[in-house]
Amino acid sequence: MKNQKKMGELVNHILPISSWVPAITQSSELDWSTATPPTVLNSKADILKQFEANISIGEKALEATNNDQLMESWTMRKADTVMFSGTKETAIRKFVLSHTVHHRAQLGLYLRLNNLKVPATYVASADEVLF
């Protein structure tokens, strides 16, 4: 049970990541001290529905952004503490792409610890072959 609770927490942490793209592309900074925490979801259907919606939000924001905008400065802070400052392109790479990959690996570990199959990410996993 302990691993299932942690897996749910991790899923809910991963869930909003792609929806952060507009917060990066459409502003010059994000202050976590004023951000509203996302709703915690528990049902598989709700999680999958929200995941698809967040992917769409991220895709639309990227489609509406050009290369010049991606080179603009962006800052992540929590009140007076600056956590990151760099280009919007770097912020997307670090906080959306790399962050998702990092937590996807953790999720695979939780699946394995609970004797569940790990789905293929690209071509194959130890449990699933796509091609």
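Provided above is the structure to which this section pertains.
An account of the accompanying structure is given in this report. Small disclaimer: the values here were computed from a predicted structure and weren't measured. (Residues numbered from 1 in each chain as written. Predicted model: local features only at pLDDT ≥ 70, side-chain atom pairs only at ≥ 80, totals over all residues. Heavy atoms only, no water.)

### Observations regarding the side chain of Asn54
Argument step 1. Counting through the fold element by element, Asn54 comes out in helix 3 (residues 44-63).
Argument step 2. Dropping the residues within four chain positions of it, Asn54 is found in contact with Leu15, Pro16, Ser18 and Ser19. (Helix = DSSP H or I, 4+ residues; strand = E, 2+ residues; numbered from the N terminus. Contact = heavy atoms within 4.5 Å.)

### As for the pattern of salt bridges
Argument step 1. Evaluation of the coordinates by the stated rule reveals four salt bridges.
Argument step 2. Between Glu29 and Arg77 there is a salt bridge whose closest N-O contact spans 3.1 Å. Taken as a pair, Glu29 in strand 1 (residues 29-31) and Arg77 in strand 2 (residues 73-78) lie far apart in primary sequence, 48 residues in all.
Argument step 3. Note on Glu29: relative accessible area 36%, which makes it partly exposed.
Argument step 4. Across the pair Asp127 and Arg112 runs a salt bridge, and its minimum N-O distance is 2.9 Å. With Asp127 in the segment after helix 5 (88-113) and Arg112 in helix 5, this pair connects stretches of sequence that are 15 residues apart.
Argument step 5. The partly exposed category is assigned to Asp127, whose relative accessible area is 32%.
Argument step 6. A relative accessible area of 38% means that Arg112 is categorised as partly exposed. (Salt bridge = Lys/Arg side-chain N within 4 Å of Asp/Glu carboxyl O. Buried < 20%, exposed > 50% of the residue type's maximum accessible area, 1.4 Å probe, protein only.)

### Details of the sheet that holds strand 1
Argument step 1. Reading across from one edge, 1-2-3 is the order of the three strands in this open sheet, with mixed pairing throughout. Edge strands, defined here as strands with exactly one partner in the open sheet, are strand 1 and strand 3 (81-87). Each neighbouring strand pair of the sheet contributes to a mean axis angle of 10°, computed without reference to strand direction.
Argument step 2. In this structure, strand 2 lies alongside strand 3, joined through six bridges in antiparallel fashion. (Pairing = 2+ DSSP bridges. Axes fitted to C-alpha atoms, helices over the stretch in contact; angles between N-to-C directions.)

### Concerning a nonpolar patch on the surface
Argument step 1. On the surface, a nonpolar cluster with roughly 610 Å² of combined accessible area is contributed by Val101, Tyr122, Val123, Leu130 and Phe131.
Argument step 2. Looking at the element boundaries, Tyr122 is found in the segment after helix 5. (Patch = residues over 30% accessible without salt bridge, like charges linked within 9 Å, V, L, I, M, F, W, Y side chains within 5 Å. Areas by Shrake-Rupley, 256 points an atom, 1.4 Å probe, with all protein chains shown as cover.)

### Observations regarding the environment of Asp68
Argument step 1. Mapped onto the secondary structure, Asp68 falls in helix 4 (residues 67-70).
Argument step 2. In the structure, Asp68 is positioned 20 residues away from Lys88 in sequence and 9.9 Å away in space, judged by C-alpha atoms.

### Observations regarding the nonpolar core
Argument step 1. Membership of the largest hydrophobic core comes to 14 residues, with the highest contact counts inside it found for Ile24, Trp74, Phe84, Ala91, Ile92, Phe95 and Val96.
Argument step 2. Elements with a contribution of two residues or more to this core: helix 2 (21-25), strand 2 and helix 5.
Argument step 3. Take this core: its biggest share by element is four residues, from helix 5.
Argument step 4. Those residues within four positions of Ile24 in sequence are excluded, and the remaining contacts are Trp74, Lys88, Ala91, Ile92 and Val96.
Argument step 5. Ranked by size, the runner-up nonpolar core spans six residues in total, among them Met7, Leu10, Ile14 and Val118. (Core = buried A, V, L, I, M, F, W, Y, C linked by side-chain atoms within 4.5 Å.)

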